Amino acid sequence: METEIDHPPHRRPLIGLALGSGAARGWAHIGVIQALEELGIRPDVVCGTSIGAVVGGAYVADKLDTIEAWARSLTRIGIFRYMDLGLNSGGLLGGRKLRRLLDENFQDTTVEDLPRPFAAVTTELSTGHEIWIRRGPLSEALTASYALPGLFPPVRVANRWLIDGALVNPVPVSVCRAYGARLVIAVNLNADVFGKGNVSGETADLSDLSQLMSKARAAHRKSLDEETVLLRKIFGHSSSDPSILNVMIGSLNILQDRLSRSRLAGDPPDVTVAPRLGHVGLLEFEKAAEAIEEGRAAVKRVRPYIADALKGLTLP
């Protein structure tokens, strides 16, 4: 185990942790948090976007072990159990099963009642404004933050339709600053995305999925056939042409990369943790173990910078 980084207990700055977007790569946030705590660093403020909000919210709510166990249990086929088609809901997936999972784990937990300040970053659909959810049901805040346009439906919160916060602030350093953090550690999951060929990897093998659907809907063969064709168009098939999902994920990769560079240049964190996960596709949630370990390794690589940042900042 790593030794703790020394810092004056009564004079250390308020520490903020900004957890960025990146879908399946976001399991690396779990490893980052664990490694930071082993160094004696327990952030005072946690802000997250998309999957960063999910892991950050679970951490602040003392449910990190729960979400880690669930993440490590996921398999390629098991992921489809949470993908309910919802073409009439504003997204390809209805998102109801994932929302129920969050509701069950967080029950009546509200953002304002969490033991530490937390904010989930979202985007208002009608205006494009950046919205920080700092009160209300935690599960609702997390669902809104990862509502990727086209894939998940928007979430209505306080009479606003909200979608994925990655569209406006993929790595929410500015939110931590607004909370008063003087030292911000940011986790950027998209630092090495391009040149890895990962977009073509976003193609699912639907043979096992079709078997699962057969068992569940044996009495509805026509419906099964129609859904299987639709799923192949969405998630991929034997053709070399990009699937709907390929195009969506590739576009999101470009958006997150360009926007992250711009936002981080304008408001740089004190330390950037950059897990090397460019080879992991955005929907390869079954690679949790690999992502978590890389999150821990990424913290080790920047440990000297964290120590220097802590020494260089004191409370005024």
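Cut-off values and rules
- Residues numbered from 1 in each chain as written.
- Predicted model: local features only at pLDDT ≥ 70, side-chain atom pairs only at ≥ 80, totals over all residues.
- Heavy atoms only, no water.
- Helix = DSSP H or I, 4+ residues; strand = E, 2+ residues; numbered from the N terminus.
- Buried < 20%, exposed > 50% of the residue type's maximum accessible area, 1.4 Å probe, protein only.
- Contact = heavy atoms within 4.5 Å.
- Areas by Shrake-Rupley, 256 points an atom, 1.4 Å probe, with all protein chains shown as cover.
- Lys, Arg positive; Asp, Glu negative; His and termini not counted.
- Salt bridge = Lys/Arg side-chain N within 4 Å of Asp/Glu carboxyl O.
- Polar contact = N/O pair within 3.5 Å; in protein donor to acceptor, adjacent residues only side chain to side chain.
- Phe/Tyr/Trp six-rings, centres within 6.5 Å; stacked < 30°, edge-to-face > 60°.
- Lys NZ or Arg CZ within 6 Å of the ring centre and 35° of its normal.
- Axes fitted to C-alpha atoms, helices over the stretch in contact; angles between N-to-C directions.
- Parallel < 35°, antiparallel > 145°, perpendicular 65-115°, else oblique.
- Left-handed = near helix turned anticlockwise from the far one by under 90°.
- Nonpolar A, V, L, I, M, F, W, Y, C, P; charged D, E, K, R; others polar.
- Pairing = 2+ DSSP bridges.
- pLDDT = per-residue confidence, 0-100.

Undergrad: Even after reading the chapter, I still don't get the overall build of the protein chain, so can you show me in this structure?
TA: Looking only at helices and strands, the protein chain has eleven helices and eight strands in total. When each of the 316 residues of the protein chain is scored for burial, the buried share is 55%. Considering only contacts within the protein chain whose residues lie at least 6 apart along the sequence, 78% involve residues at least 24 apart. Total accessible area on the protein chain stands at roughly 14,200 Å², and carbon and sulfur atoms take up 52% of it.

Undergrad: Honestly, the side chain of D164 in this entry has me stumped. Any pointers?
TA: Tracing the backbone shows D164 in strand β6 (residues 160-164). It turns out D164 is buried and unbridged, and the closest side chain with the opposite charge, R25, is 11 Å from it. Side-chain polar atoms of D164 contact the backbone nitrogen of A166, separated by 2.8 Å. Setting aside its immediate chain neighbours within four residues, D164 contacts T49, S50, T122, T123, A144, S145, Y146, A147, L148 and P149.

Undergrad: Where do I start with the packing of aromatic side chains in this structure?
TA: What characterises a pair of aromatic rings is the spacing of the ring centres plus the angle enclosed by the ring planes. Scanning the entire structure with this criterion turns up three aromatic pairs. Aromatic side chains Y146 and F152 sit 5.4 Å apart centroid to centroid with 70° between the ring planes, which places their arrangement in the edge-to-face category. By the burial criterion, Y146 is buried, and F152 matches it. Taking the ring centre of Y59 as reference, the NZ or CZ of R116 above it sits at 4.6 Å.

Undergrad: What exactly am I supposed to notice about the packing of helix α1 (residues 28-38) against helix α2 (residues 51-60) here?
TA: Packed helices, taken two at a time, are described by their axes: the angle between them and the distance between them. Packing of α1 against α2 leaves a shortest axis separation of 10 Å and a crossing angle of 40°. By the angle between their directions, the pair α1 and α2 is classed as oblique. At the point where α1 passes α2, the crossing takes the right-handed sense. Contacts between α1 and α2 involve H29, I30, I33 and E37 on the former and, on the latter, I51, G52, V55 and Y59. When its residues are assigned to classes, the contact of α1 with α2 shows five nonpolar, two polar and one charged.

Undergrad: Looking at this model, I keep getting lost on the pattern of salt bridges. Mind explaining?
TA: Close approach of charged atoms allows side chains of opposite charge to pair. Per the counting criterion, the structure on display carries 14 salt bridges. R160 serves as the salt-bridge partner of E124, at 3.8 Å between the closest nitrogen and oxygen. One end of the pair, E124, is in strand β3 (residues 118-124); the other, R160, is in strand β6, and 36 residues separate them in sequence. Judged by relative accessible area, which is 11%, E124 ranks as buried. According to the relative accessible area criterion, R160 is partly exposed, its value standing at 35%. For R258, the salt bridge is made with D257, and the minimal N-O distance between the two is 2.2 Å. Here R258 falls in the partly exposed class, since its relative accessible area comes to 49%. Among the charged side chains, a salt-bridge network with shared partners connects E68, R72 and E293.

Undergrad: Can you walk me through the pairing of strand β4 (residues 130-133) in this structure?
TA: Every other side chain in a regular strand lies on the same face of the sheet, so the side chains alternate between the two faces. Because side chains alternate across β4, one face comprises the buried residues I131 and I133, and the other comprises E130 and W132, none of which is buried. Where β3 lies against β4, four bridges are found, and the strand directions are antiparallel. Bridged to T123 within β4 is E130. Linking β3 back to β4 in an antiparallel pair, the connection comprises five residues, with G128 at a positive phi of about 80°.

Undergrad: For this particular structure, what's the right way to read the packing of α2 against helix α6 (residues 138-145)?
TA: Interaxial distance between α2 and α6 falls to 8 Å at its minimum, and their mutual angle equals 160°. Regarding the angle of α2 to α6, the classification is roughly antiparallel. You can see that α2 and α6 cross each other, and the crossing is right-handed. Counted together, A53, V54 and G57 of α2 and L138, L142 and S145 of α6 form the full contact between these two elements. Classifying every residue of the contact of α2 with α6 by side-chain character gives four nonpolar, two polar and no charged.

Undergrad: Help me understand the confidence of the model for the protein chain, please; the structure alone is not making it clear to me.
TA: The predicted coordinates ought not to be read in detail in places where the model reports low pLDDT. Looking at the protein chain as a whole, the pLDDT averages 81, with 75% of positions reaching at least 70. Scored below 50 in pLDDT, residues 1-11 makes 25 contacts in the model with residues more than four places away or belonging to other chains. Overall, residues 195-224 carries pLDDT values under 50, and its contacts beyond four positions in sequence, including any with other chains, amount to 50 contacts.

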